[in-house]
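Coordinate analysis (summary)
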Amino acid sequence: ILMQAVAYVPEKFPYTTKDAEMLAEIEKIIKSYTNPPPLTDQAKVHIATLEESVAKLKSTIESTEWKDYEKDADFQGFTMKEEGRLCTKSVGILPCTPMEAAAFLNLNKYKGEYDSLFEVGATEETYEKGVCISTEKYHGKMFASPRDFVFVNQTRLNPTDGSIQLPAVSIVDPKYPPIKGYVRGRVIIAGWLFKPAEGGKTQASYISMVDLCGSLPTFLQNMASKNQAKIVKEILHTYNKHYTKQSLTFIQNQFC
């Protein structure tokens, strides 16, 4: 899917939220499509890097090589070896539209509730069609030092079917040098695919393959990766806590 095929078509991306923060985030997404800032040469390089990861994100999510890992009423988790590394996938149903799900994921203020190691994150630069440069820091745990990441990501609207992708991949940019006290990790491939589901809900699929770098043994990296298999469940609980009291059930035949 090329950037030219990505567009904001209002009727394809409905939302009903009245929450001010969610609406503000949705407006940011829409503005990046309808009134984008000019692109710098460096931004074009980063967008090219992102484009390379988009097709891989979709094909990895839809791969038939995934192995069942864990599931309950709210999610199903999978694992797969990809390029010699453990890759995880988390799938479930969220009680909101794809546009609302994307806006919620873009709000860093709640991330610490569904990812206990998250310390702080920021959108450093914003470009056209939902493309951003973002930075994130994560607390260390046991033998692992704190990690930080610099990556290009996007809220990628597909008007053909109303789905939204949130791809992310690490970049190297001299404006974001290593930070003292943190090990710079590498997002090999990560992101979300949100598809419209019945009743104004969203079928959410997430994958993550990350190199934590440093001297962390492979088995510890794999343990950290497996924790991401539950991310949809944690996000569902966080969303319900702040935006709805609705309790959803596991609908296996709607999963990828």
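See above for the structure.
Residues numbered from 1 in each chain as written. Predicted model: local features only at pLDDT ≥ 70, side-chain atom pairs only at ≥ 80, totals over all residues. Heavy atoms only, no water.

Describing the overall build of the chain
Test applied: Starting at the N terminus, helices and strands are each numbered in turn, a helix being any DSSP run of H or I of at least four residues and a strand any DSSP run of E of at least two. Each radius of gyration reported is based on C-alpha atoms, and the globular scaling rule is 2.2 Å times the count of residues to the power 0.38. The buried label goes to any residue with under 20% of its type's maximum accessible area, the exposed label to any with over 50%, and the partly exposed label to all in between, with areas taken from a 1.4 Å probe on protein chains only. Contacts are residue-level and defined by heavy atoms, with any inter-residue pair within 4.5 Å sufficient. What sets the accessible areas is the Shrake-Rupley method with a 1.4 Å probe; for residues, cover comes only from the shown protein chains.
Looking only at helices and strands, the chain features six helices and 11 strands. Relative to the compact-globule value of 18 Å for 256 residues, the chain shows a C-alpha radius of gyration of 17 Å, a close match. Counting every position in the chain, which comprises 256 residues, the buried fraction comes to 50%. Relative to all contacts within the chain whose residues are 6 or more apart in sequence, the contacts with residues 24 or more apart total 64%. Counting every atom, the chain has about 12400 Å² of accessible surface; 53% of that belongs to carbon and sulfur.

Examining the nonpolar core
We apply this condition: Throughout this description, the term nonpolar core refers to a set of buried Ala, Val, Leu, Ile, Met, Phe, Trp, Tyr and Cys residues connected via side-chain atoms within 4.5 Å.
Residues Leu94, Leu157, Trp192 and Phe194 are the most contacted members of the largest nonpolar core, which totals 41 residues. Mapped by element, the contributors of at least two residues to this core are helix H1 (20-34), helix H3 (98-105), strand S6 (147-154), strand S8 (163-170), strand S10 (186-197), strand S11 (201-211) and helix H6 (231-243). Contacts of Trp192, omitting those with residues within four sequence positions, involve Leu57, Leu105, Ile164, Gln165, Leu166, Ala204, Ser205, Tyr206, Ile231, Val232 and Ile235.

Let's talk about the environment of Pro146
Relative to the elements of secondary structure, Pro146 occurs in the loop between strand S5 (131-138) and S6. C-alpha separation for the pair Pro146 and Leu117, spaced 29 residues apart in sequence, amounts to 9.0 Å. The residues contacting Pro146, other than those within four sequence positions of it, are Tyr138, His139, Gly140, Gly181, Tyr182 and Val183.

Details of the environment of Lys81
Inspection of the secondary structure puts Lys81 in strand S2 (residues 76-82). Taking the relative accessible area as the measure of exposure, Lys81 reaches 57% and is therefore exposed.

Some remarks on the packing of H1 against H3
A pair of packed helices is characterised by two quantities: the angle between their axes and the separation of those axes. Our working rule: Every angle, taken between N-to-C directions, lies between 0 and 180 degrees, and every axis is a line fitted to C-alpha atoms, over only the stretch in contact when it is a helix. Should an angle lie under 35 degrees it is considered roughly parallel, over 145 roughly antiparallel, and from 65 to 115 roughly perpendicular; all remaining angles are considered oblique.
Where H1 meets H3, the axes come as close as 9 Å, and the angle between the chain directions of the two elements is 100°. Of the possible angle classes, the one that applies to H1 and H3 is roughly perpendicular. The residues of H3 that touch H1, namely those facing Met22, Glu25, Ile26 and Ile29, are Met99, Glu100, Ala103 and Phe104.

Observations concerning the packing of aromatic side chains
Note the cut-off: Pairing of aromatic side chains here covers Phe, Tyr and the six-membered ring of Trp, requires ring centres within 6.5 Å, and sorts the geometry by plane angle: under 30 degrees stacked, over 60 edge-to-face, intermediate tilted. To sit over a ring, a charge needs its Lys NZ or Arg CZ within 6 Å of the ring centre and within 35 degrees of the ring normal.
Within the structure shown, the criterion is met by 11 aromatic pairs. With 5.2 Å between their ring centres and 80° between their planes, Phe104 and Tyr239 make a pair best called edge-to-face. Highlighted residues: Phe104 in helix H3 and Tyr239 in helix H6, separated in sequence by 135 residues. This pair shows no difference in class: Phe104 is buried, exactly as Tyr239 is. Aromatic pair Tyr138 and Phe149: ring centres 5.8 Å apart, planes at 85°, arrangement edge-to-face. Residue Tyr138 is found in strand S5, and its partner Phe149 is found in strand S6; the two are separated by 11 residues along the sequence. Each residue in the set Phe104, Tyr110, Tyr114, Tyr239 and Tyr243 is aromatic and connected to the rest through ring pairs, giving one cluster. Over the face of the ring belonging to Phe78 we find Lys89, whose NZ or CZ atom lies 5.0 Å from the ring centre.

Some details on unusual backbone geometry
Unusually for a residue other than glycine, Lys129 sits at a positive phi of about 50°. Even without a glycine there, the phi angle at Cys213 is positive, about 60°.

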